[in-house]
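# Fold and geometry: a report
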Amino acid sequence: MIKELFILGTILVLLFLIFSCASSPLHKSKVKLEETKPQYYTSPVFGTIEYEIQGTLGIPVLVSHGITGSYFGGLVTAQGMLPDNQKIISISRFGYLGSSFPDDVSPKAQTAAWIELLDHLSIDKVIVLAASAGGTLGFRFVLDYPQRSAGLILVSSGYPYPEASKGPKGPPLFIFSNPVFGFLLSSMPGTARSIFGISNNMWNNAADEDKQGIEQQLLTILPLDKKRKGIKNDLYVNNSDMTEHYEDYKLEDIFIPVLSLHAKDDPMATYDRIEGDLKRIKNCTICHFEKGGHLMFTHGKEITAAVADYLRNL
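The following paragraphs examine the structure supplied in this document. In this text, all values refer to a predicted model and were calculated from it rather than measured experimentally.

## Observations concerning the pattern of salt bridges
Per the stated rule, a full pass over the model turns up eight salt bridges. Ionic pairing is found between Arg93 and Asp234, a salt bridge with its closest N-O pair at 2.9 Å. You can see Arg93 sitting in the loop between β4 (86–91) and α3 (107–120) and its partner Asp234 sitting in helix α9 (residues 228–244), a full 141 residues away along the chain. Summarising the burial analysis for this pair, Arg93 and Asp234 share the class buried. With a closest N to O distance of 2.1 Å, Arg312 and Asp309 form a salt bridge. With Arg312 and Asp309 both in helix α11 (residues 300–312) and three residues apart, the pair spans about one turn of that helix. On the basis of relative accessible area, Asp309 is assigned to the partly exposed category, the value being 38%. By sharing partners, the salt bridges in this structure join Lys108, Arg140 and Asp144 into a single network.

## As for the packing of aromatic side chains
Going through the model one piece at a time under the given rule, you end up with five aromatic pairs. Here Phe141 and Tyr145 contribute two aromatic rings whose centre-to-centre distance is 5.6 Å and whose plane-to-plane angle is 45 degrees, an arrangement assigned as tilted. Since its relative accessible area comes to 0%, Phe141 is described here as buried. Relative accessible area serves as the criterion here: at 18%, Tyr145 is assigned to the buried category. Over the ring of Tyr249 we find Arg140, and its NZ or CZ is 4.6 Å from the ring centre. Above the face of the Trp203 ring, Arg193 is positioned so that its terminal group lies 3.8 Å from the ring centre.

## Digging into the side chain of Ser149
With respect to the helices, strands and loops of the structure, Ser149 is situated in strand β6 (residues 149–155). There is a polar contact of 2.8 Å between the side chain of Ser149 and the backbone oxygen of Tyr145. The contacts of Ser149, once residues within four sequence positions are left out, are Lys125, Val126, Phe141, Val142 and Ile256.

Cut-offs and rules
- Residues numbered from 1 in each chain as written.
- Predicted model: local features only at pLDDT ≥ 70, side-chain atom pairs only at ≥ 80, totals over all residues.
- Heavy atoms only, no water.
- Salt bridge = Lys/Arg side-chain N within 4 Å of Asp/Glu carboxyl O.
- Helix = DSSP H or I, 4+ residues; strand = E, 2+ residues; numbered from the N terminus.
- Buried < 20%, exposed > 50% of the residue type's maximum accessible area, 1.4 Å probe, protein only.
- Phe/Tyr/Trp six-rings, centres within 6.5 Å; stacked < 30°, edge-to-face > 60°.
- Lys NZ or Arg CZ within 6 Å of the ring centre and 35° of its normal.
- Polar contact = N/O pair within 3.5 Å; in protein donor to acceptor, adjacent residues only side chain to side chain.
- Contact = heavy atoms within 4.5 Å.

Here it is in structure tokens:
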């Protein structure tokens, strides 16, 4: 009996420590989130679409955030690489934060919802900035609505791949919880960064400016409790769609200018699945790095320069 009580007590103490350590990054994330000003459009078909608009200049950039993102995560990603005051429309995809999770959550349904929102905002054309798991929707949008597409910027995106596979595509689902990821950020930051391909050696030799950018990006992952449906949909639906429906992703039919930003050591959107697809896109500018992981760590200045050149040439 004493042994069982000791084990139970130890478990409770460990759980208390995990939740205590997780509370600090979660609080910081919520404070940052409260500083934003999201808006909401109610679609008769797709329910609530949460979004935020910032900036006033240039062709509007529609942001398709990655897994664990939201309109807020999309804003942070876009602002880190776009010129000052560039107009940004950042959307929470289906099942993320304040956006609904309708019956049809396919990539085609999601991009149809975006068209509804753009019509509501009286916006004719956009540049789509598609990051990570948001890449599926970026490709889907420009293929289905070429007349509404001015350009496509792919940021550590997945690409269509003909090899059949089963199961979720991405990190294990248990990682995507406030206590687990919050604990990693506060007590095991090296482990949290390694998920995205940033080694301790890379981190220790980086400039403070680069480190601060990554820390800010990682904080946008929290809170996760209002993103679970969206995350699961990315793992089981969005990330698989370009494989299961490979024939529907005809990259040869993309005629708008495309910019591909990627690191060759990306552990999530692996580089061996990219090179062949890039040759299928007629008008593609490539800005790739040997190292940097999924977040293209330490290449911020090169990325902003490449994006600025791309926008000037549109």
